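Summary of the model geometry
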Amino acid sequence: MAVYAFWILATIVVLSAVMVIAARNPVHSVLFLILAFFTSAGLLVLIGAEFLAMLLVVVYVGAVAVLFLFVVMMLDVDFVELKQGFLSYLPFGLLVGAVFLAEIVMASFAGLENHVGTFDASPGAETNAEAIGQVMYTQYMLLFQLAGIVLLVSMIGAIVLTLRHRPGVKRQSIAHQTARRRSDAFELKDPSSGQGI
Amino acid sequence: MSNLIESFGDFTGFWMVLGQIALFTLVLLISIAFLLLLDRKIWAGVMMRKGPNVVGPFGLFQSFADFGKFLLKEIVIPAGANKTVFILAPILTCTLSFVAWAAIPVAPGTTSGTSWVVSNLNVGVLYLFAISSLGVYGIIMGGWASNSKYPFLGALRSAAQMVSYEVSIGFIIVTVILLTGSMNLSAIVENQSGGFWNWHIFSFQYFPMIFVMFPMFVMFFISALAETNRPPFDLPEAESELVAGYQVEYGSTPYLLFMLGEYLNIVLMCAMMTIMFLGGWHGPFDLGDVVKDWPPLLLSLSGLFWFMLKILFFFFMFAMVKAIVPRYRYDQLMRLGWKIFLPTSLAAVLIVAGYVVYTGVQA
């Protein structure tokens, strides 16, 4: 059963990955990317890494890809213009692709399993969330915190780059709004007949 | 093989699982029909109207009449719409809201340590969170594929809103996970056994935590309103501004699917609140010795009764909020999500984590 599931999922991953670059409409590309992410999560479930699978869905599909989709939908992409530069970029793309392929082939022939996973991941752990937690917070504590700092720095950097204080912008002040009382807004007058206020 | 594949509930076997799924789907569909009516009746009651009362006694069959009407209407796809995505969006929304129910344990099993659930996942909470975070795609896709201004604006609003409130929902879920020490939904329910004071909303077994968990429960309820686009946070379909948001161009069956998905999500959120804060299938008092000799099936059914009663209570709350609370402004919504809920829930995670570490309740 698991073997069939693997072949079905793997086929979908590869096909949707191809469609990411083959689709004419960029929004369709992103949607295929999402399908590829989601199906990869299925593959992770098959090898028993259910915690990682769920994280992949929550982080990449639920958050990152939504932002991708936002950006692609908001940009008014001109498809014809996009296709024009295709040939001039082709050699560079091929080069990157070839290097990447060579690296993967070299890594798989060098026996990947002999170099990673040199320690027993947490013998007492029952679920793989516990196993990952025990490794991450002991063996890789420093790297983990470093990654957090890198993310924080990049987040602050993005805010600094995009935040502009523009003068003359009307802002909502919630405290001011909720502090408003009836007497601030209304005044009851009792004008006598025939006379204005 | 992974736990996820192996653990298909109490019974194993392909057909058994298929039967369970069919049963869940059927029960959900029928309950949604009546919950929709309940929603409209409550809303009408608050406004001193009668609500639907023509089809069947007390209008009981109103939803079925609506269902037939939606099915028989013609599907209109706007010119210039992206056909595939347009049709795919409501199907995706509806499917995802059904799929999420696979992990919800509805009653204790007939043998100890099991529960009535299609798939007893070890990462059940994360699964629910993941599936509900996918719900935003149906809305974005629908709004974009309509190729029209109002749906697109509605979709963008909705996506921003759902992504914002997901963050605080995530942190609130983490507090519950910390107290339980497990991401298994059945384990979370079992952790609240022994009487209503042990439910996570009161957390008597972790005494001072009531001051953290009770506010977290209230925040979860409000976030659930925002996450399901219910009033007072129904800005994606604020009819005074956006006509009907991402659903403007939808009619007949696709609209029906959107609406079905929306209500399923609401009931799912009610179920999540029940499981994480209100003790799931546990009754308010632990009758331990009294019911010891009852047949196990009866115990399971009584668990199911309490579970459904609590869901119904939450659904009533959802309907009442819809009836009596005015709509938020969009900047207020974002401020509430990012400036109030996010820091508060983050602080709660720190406090609960500190409590768990220093009292050692999770060995």
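Going by what an unreviewed UniProt entry lists, chain B is known as NADH-quinone oxidoreductase subunit H and is assigned to Hyphomonas oceanitis SCH89. Recorded in UniProt under Subunit (unreviewed entry), the annotation for chain B is "NDH-1 is composed of 14 different subunits. Subunits NuoA, H, J, K, L, M, N constitute the membrane sector of the complex." The heading Catalytic activity (unreviewed entry) in the UniProt record of chain B holds the text "a quinone + NADH + 5 H(+)(in) = a quinol + NAD(+) + 4 H(+)(out)".

Under the annotation held in an unreviewed UniProt entry, chain A carries the name NADH-quinone oxidoreductase subunit J and is attributed to Hyphomonas oceanitis SCH89. Turning to chain A, the UniProt record has this under Function (unreviewed entry): "NDH-1 shuttles electrons from NADH, via FMN and iron-sulfur (Fe-S) centers, to quinones in the respiratory chain. Couples the redox reaction to proton translocation (for every two electrons transferred, four hydrogen ions are translocated across the cytoplasmic membrane), and thus conserves the redox energy in a proton gradient." UniProt, in the comment section headed Subcellular location (unreviewed entry), describes chain A in these words: "Cell membrane".

Observations concerning the packing of helix α8 (residues 210-227) of chain B against helix α10 (residues 252-277) of chain B
Residue and element names in this part refer to chain B. Their axes nearest at 10 Å, the elements α8 and α10 cross at an angle of 170°. The angle between α8 and α10 places the two elements in the roughly antiparallel class. Between α8 and α10 lies a crossing of right-handed hand. Contact with α8, carried on its side by M213, M216, F217, F220, F221, A224 and E227, involves M269, M272, M273, M276 and F277 of α10 and no other residues of that element. Its residues placed into classes, the contact of α8 with α10 shows eleven nonpolar, no polar and one charged.

Notes on the packing of helix α3 (residues 50-74) of chain A against helix α6 (residues 149-180) of chain B
Between α3(A) and α6(B), whose axes approach to 12 Å, the crossing angle comes to 155°. Regarding the angle of α3(A) to α6(B), the classification is roughly antiparallel. Two packed elements cross with a definite hand, and for α3(A) against α6(B) that hand is left-handed. Mapping the contact onto sequence places G62(A), V66(A), F70(A), M73(A) and M74(A) in α3(A) and F152(B), L156(B), A159(B), A160(B), V163(B) and E166(B) in α6(B).

Criteria and thresholds
- Residues numbered from 1 in each chain as written.
- Chains lettered and ligands numbered in written order.
- Predicted model: local features only at pLDDT ≥ 70, side-chain atom pairs only at ≥ 80, totals over all residues.
- Heavy atoms only, no water.
- UniProt positions renumbered as here; feature names shortened; annotations may be inferred.
- Axes fitted to C-alpha atoms, helices over the stretch in contact; angles between N-to-C directions.
- Helix = DSSP H or I, 4+ residues; strand = E, 2+ residues; numbered from the N terminus.
- Parallel < 35°, antiparallel > 145°, perpendicular 65-115°, else oblique.
- Left-handed = near helix turned anticlockwise from the far one by under 90°.
- Contact = heavy atoms within 4.5 Å.
- Nonpolar A, V, L, I, M, F, W, Y, C, P; charged D, E, K, R; others polar.

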